[in-house]
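Each chain is listed here by its residues.
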Amino acid sequence: MQTLGTRTTAAGRAGLAGAPREPLAELPAVAPVAPNELVELYRLMTSVRQLDVAAISWQRQGILPAYAPELGQEAAQVGSALALDPSRDFAFPTYRELGVARAFGVDMVEYMSTHKATWHGGLWDAATTHVAPIQAVVAGSVLHAVGWAHGQTLEAHGELPAQGLAVAITYLGDGASSQGDVHEAMNFAGVFKAPVVFFVQNNGWAISVPTEKQVAGGSVAARGAGYGIPAVQVDGNDAAAVLEATRRAVAHARSGHGPAIVEAMTYRRGPHATSDDPGRYRTLDEEREDAGQDPLARLRELILAEGAATEEILAEADAAGAAEAERVRLGVIALGPRRGAEMFDLVFQEPTDELLRQKANWREESEHE
Amino acid sequence: MSETLTTSEAGAGAGTVTLSLQGALNLALDELLAEDPKALVLGEDVGTLGGVFRVTSGLAAKHGAERVFDTPLAESGILGMSIGLAMAGFHPVPEVQFDGFAYPAINQIVCQLARMNYRSRGAVPMPVTLRVPSFGGIRAPEHHGESLEALFAHVPGLKVVSPADPQQGYSLLKAAVRMPDPVIFMEPKSRYWQKGEVVTEAAAAASAAAAASAAAAAAATNDGGRSLGAADLTDAGLTGARIARPGRHLTLVAWGAMVARCLQVADLAAEDGIDVEVLDLRWLKPIDAEALASSVGKTRRAVVVHEGPRTSGLGAEVAQLVTERCFGTLKAPVERVTGFDVPYPSGDLEDEYIPNIDRILFGIQRVLEYKRG
Ligand SMILES: Cc1ncc(C[n+]2csc(CCOP(=O)(O)OP(=O)(O)O)c2C)c(N)n1
Ligand SMILES: [Mg+2]
């Protein structure tokens, strides 16, 4: 029987001179993605696509001061998030995880609030939705996922629960993979056998820097071998493949075998953010060549080829997505600024006297409320 | 270069160029790279892209991709590598993309960069200038609007400077990069696109030479015009504070983006007959205590304005330096108008946080109306 949270392999017992490294565990196989699941992927991805594209126009219209599109990453985001159970698992996003938030059930107006400059972390309740606040620090939350995951191990008190461990999934980009924190996170996760999935969206770019100038060796997944963490690289524009790969990683973590890495090879089709000008570092021809097939169109073809749904059903899903985008637009427009008092009220659970004094002064001088 | 230099012979003065702060910094880096073969520019997106604020635009193409280069995305790596490059005899000018992303590098900045000279008994100096787009005002995401001067100023072994306008940006960046010690160079990002007249070093040298020969030729009649700012370009002109506007009744002490705001406030106060002096501190470490003393010694009242949080902010240091030197002449305690002890807020609340004109005027009023006892 395996022991939760500790290494029992020779590879884990450093200092045993001459002991051969054990081969990496294989991620367990899972059932192939079912036809109805393909349609569910499509429903979510068309919603996310339409919201994302709409948000760019909202920025142009002045509804949002800025936006960071995830165009082209719908399969990677929705496919991975659907492998988790939002009622018990926990997602740690970056600033570009619209698709993950949507799949976890986060309210999309509350999500967009960060781009409306209403509240940096977003207005949704991280504790109940199991989606951590927006993270502006690249790689900032990767270690948190390891800590949360190790917490699940500790709560299990050495015995694997019948339904397995709750699993953390942490999102990071090719750029983020350069941060020292990511090394620390992977090493800690390996040492503590934490039930965490490192989901890398290798979208080819970190602002203007291409992956080949970012990731030595060309693959983040390849680093797993050094940490004793099983890792897979997957076509990140293939929603079904992403879902299956992430399910394998989650199954591994859930059953107490520790962390796994999934590297989804995808492409950032849009600018880094609305203030970015990709023409300064890549050509339109390069974009066309490197982007791969549109993940949404590809899924649509697969669904129709497999007879998983009819054109009509997909058209209904598209229409539902369009209606949702319109509802969110109205919600975002209606979203007013937060009360200035929240600046002071939300710093601590127990505010200091000095902070209360500053709040009183602010109120007096700004003639608020 | 993203900015075309237009020498305005007929404009504000011969030899000046009109540049944005971003353009002035770009020009300073360009000239530094040209004059010093050991100078290097490194950071995230500083090469091909020219930086997210385009401060390094065109420099890689002009000075070579080996001297102006993109690094992988890791601030600790950027600073740590700069230290090693300095040990190898280079003069690195690293950039962290935004203020808040200096935090991931804090270990290398505080434990390594700031101490190497001391640790090595002077054998290994650290001529490294870290450029940090700083302060708030652009409705940006989290960690894109913070003021780290008090943190940096507290670290023994670091010097800290912040320019308020294009001329200051040009001149202070040159001064910083030529120093043999580590300098944190805090660029007010909300002012990047503000234009101003800049006297380049070449123009200043030419005008000094012209003035010398004119003086030799005849007893020159003074045309009353301000000299081309050549004084601003001497070493003495760059180590201390600067009076941005002279006044008699009260001194507003500020730096970075708050200097422009204080100048606005001074104009408003003038309408009420209050003559405000604005002291642009420029160097936040070391602080020019003599300039503080001479300004406040004259006005007898001071208000210090900064964006950073109030508690243990640099305003406290300024107030103490003034008090030590001017206690006998002060008519009122030094007042602070600052950000609050809260994380820098999102865009919608930004104007509630940054000292605005009203809050600065209230501070002025408190000092003017102060009664002893
Ligand atoms: C610690 C830190 N440094 C720099 C930045 C500025 N920045 C924001 S996104 C980004 C690129 C991130 O690239 P990647 O991790 O590949 O994610 P992607 O943007 O492609 O989704 C940079 C440099 C930041 N947010 N945080
Ligand atoms: Mg990327």
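Residues numbered from 1 in each chain as written. Chains lettered and ligands numbered in written order. Predicted model: local features only at pLDDT ≥ 70, side-chain atom pairs only at ≥ 80, totals over all residues. Heavy atoms only, no water.

Thoughts on the confidence of the model for chain B
All names here are of chain B.
Alright, step 1. Taken as a whole, chain B shows an average pLDDT of 92; of its residues, 91% reach a score of 70 or greater.
Alright, step 2. Low pLDDT (under 50) marks residues 1-12, which in the prediction has 28 contacts with non-local residues, meaning those over four places away or in another chain.
Alright, step 3. For the stretch residues 220-232, pLDDT sits under 50, and the model shows nine contacts to residues farther than four places along the chain or on other chains. (pLDDT = per-residue confidence, 0-100. Contact = heavy atoms within 4.5 Å.)

So, the sheet that holds strand S13 (residues 302-309) of chain B
Residues and elements named next belong to chain B.
Alright, step 1. Taken together, the five strands give an open sheet; going across it, the order is S9-S11-S10-S13-S14, and neighbouring strands pair in mixed fashion. Whereas interior strands pair on both sides, the edge strands pair on one side only; in this sheet they are strand S9 (242-245) and strand S14 (335-339). Across this sheet, the average inter-strand angle for adjacent strands is 25°, counted without regard to direction.
Alright, step 2. The pairing of S9 with strand S11 (residues 276-280) spans three bridges and is antiparallel. Residue pairing for S11: Ile243 is matched across the bridge by Leu279.
Alright, step 3. Relative to S13, helix H13 (residues 314-326) is tilted by about 160°, and along the sheet it contacts strand S10 (250-254), S13 and S14. (Pairing = 2+ DSSP bridges. Helix = DSSP H or I, 4+ residues; strand = E, 2+ residues; numbered from the N terminus. Axes fitted to C-alpha atoms, helices over the stretch in contact; angles between N-to-C directions.)

Re the interface of chain B and chain A
Alright, step 1. Each partner contributes residues to the interface: chain B has 35 residues there, and chain A has 39 residues.
Alright, step 2. With both sides pooled, the region where chain B packs onto chain A buries about 3,200 Å², and carbon together with sulfur makes up 57% of that total.
Alright, step 3. Three residues, Leu73, Leu349 and Glu352 of chain B, lead the burial of chain B against chain A; their summed loss comes to 19% of the area buried on that side.
Alright, step 4. In this structure, the salt-bridge partner of Glu365 of chain A is Arg359 of chain B, at a minimum N-O distance of 3.8 Å.
Alright, step 5. Here chain B is connected to chain A by 13 residue pairs in polar contact (both at pLDDT 80 or more).
Alright, step 6. Where the side of chain B that touches chain A is concerned, the elements lending two or more residues are helix H14 (347-353) and helix H15 (357-368) of chain B.
Alright, step 7. With five residues, H14 of chain B is the largest single contributor of residues to the side of chain B that touches chain A.
Alright, step 8. A class-by-class count of the residues in the side of chain B that touches chain A yields 16 nonpolar, seven polar and twelve charged. (Buried area = accessible area lost by both parts, 1.4 Å probe. Salt bridge = Lys/Arg side-chain N within 4 Å of Asp/Glu carboxyl O. Polar contact = N/O pair within 3.5 Å; in protein donor to acceptor, adjacent residues only side chain to side chain. Nonpolar A, V, L, I, M, F, W, Y, C, P; charged D, E, K, R; others polar.)

Some details on the coordination of the magnesium ion (ligand 2)
Residues and elements named next belong to chain A.
Alright, step 1. Protein-derived coordination of the magnesium ion (ligand 2) comes from Asp174 (OD), Asn203 (OD1) and Trp205 (O), at a distance range of 2.1 to 2.3 Å.
Alright, step 2. Counting residues between consecutive donors of the magnesium ion (ligand 2) along the chain gives the motif D-x28-N-x1-W. Across the pair, Trp205 and Asn203 agree in class, each one buried. (Donors = N, O, S within 2.8 Å, 3.2 Å for Na, K, Ca; no water. Buried < 20%, exposed > 50% of the residue type's maximum accessible area, 1.4 Å probe, protein only.)

Looking at the domain arrangement of chain B
For an interface, size is often stated in terms of accessible area lost upon the parts coming together.
Residues and elements named next belong to chain B.
Alright, step 1. Domain parsing of chain B yields domain 1 (16-196) and domain 2 (240-368).
Alright, step 2. A C-alpha centroid distance of 26 Å is found between domain 1 and domain 2.
Alright, step 3. Taken together, the 29 residues of domain 1 in the interface contact 23 residues of domain 2.
Alright, step 4. Both sides of the domain 1 and domain 2 interface together cover about 2,000 Å² of buried area, and 59% of this is carbon and sulfur. (Domains from an automatic or database assignment.)

Examining the site of ligand 1
Alright, step 1. As a structural note, the neighbourhood of ligand 1 is formed by 21 residues, with Tyr95, Arg96, Ala136 and Asn203 of chain A together with Glu75 of chain B the closest of them.
Alright, step 2. Ligand 1 sits at the junction of chains A and B, each of which supplies nearby residues.
Alright, step 3. Separating a nitrogen atom of ligand 1 from a backbone N or O atom of Ala136 of chain A is a distance of 2.7 Å.
Alright, step 4. In the complex, the protein chains occlude 95% of the 580 Å² of accessible area that ligand 1 would expose alone. (Near = heavy atom within 4 Å. Areas by Shrake-Rupley, 256 points an atom, 1.4 Å probe, with all protein chains shown as cover.)

Let's talk about the packing of helix H1 (residues 21-35) of chain B against helix H7 (residues 166-178) of chain B
All names here are of chain B.
Alright, step 1. In the contact formed by H1 and H7, the axes pass within 8 Å of each other and the chain directions differ by 30°. By the criterion of interaxial angle, the relationship of H1 to H7 is roughly parallel. The chirality of how H1 crosses H7 is right-handed. Two secondary-structure elements touch here, H1 through Leu21, Ala24, Leu25, Leu27, Ala28, Leu29, Glu31, Leu32 and Glu35 and H7 through Pro166, Gly169, Tyr170, Leu173, Lys174, Val177 and Arg178.
Alright, step 2. Taken together, the residues of the contact of H1 with H7 sort by class into eleven nonpolar, one polar and four charged. (Parallel < 35°, antiparallel > 145°, perpendicular 65-115°, else oblique. Left-handed = near helix turned anticlockwise from the far one by under 90°.)

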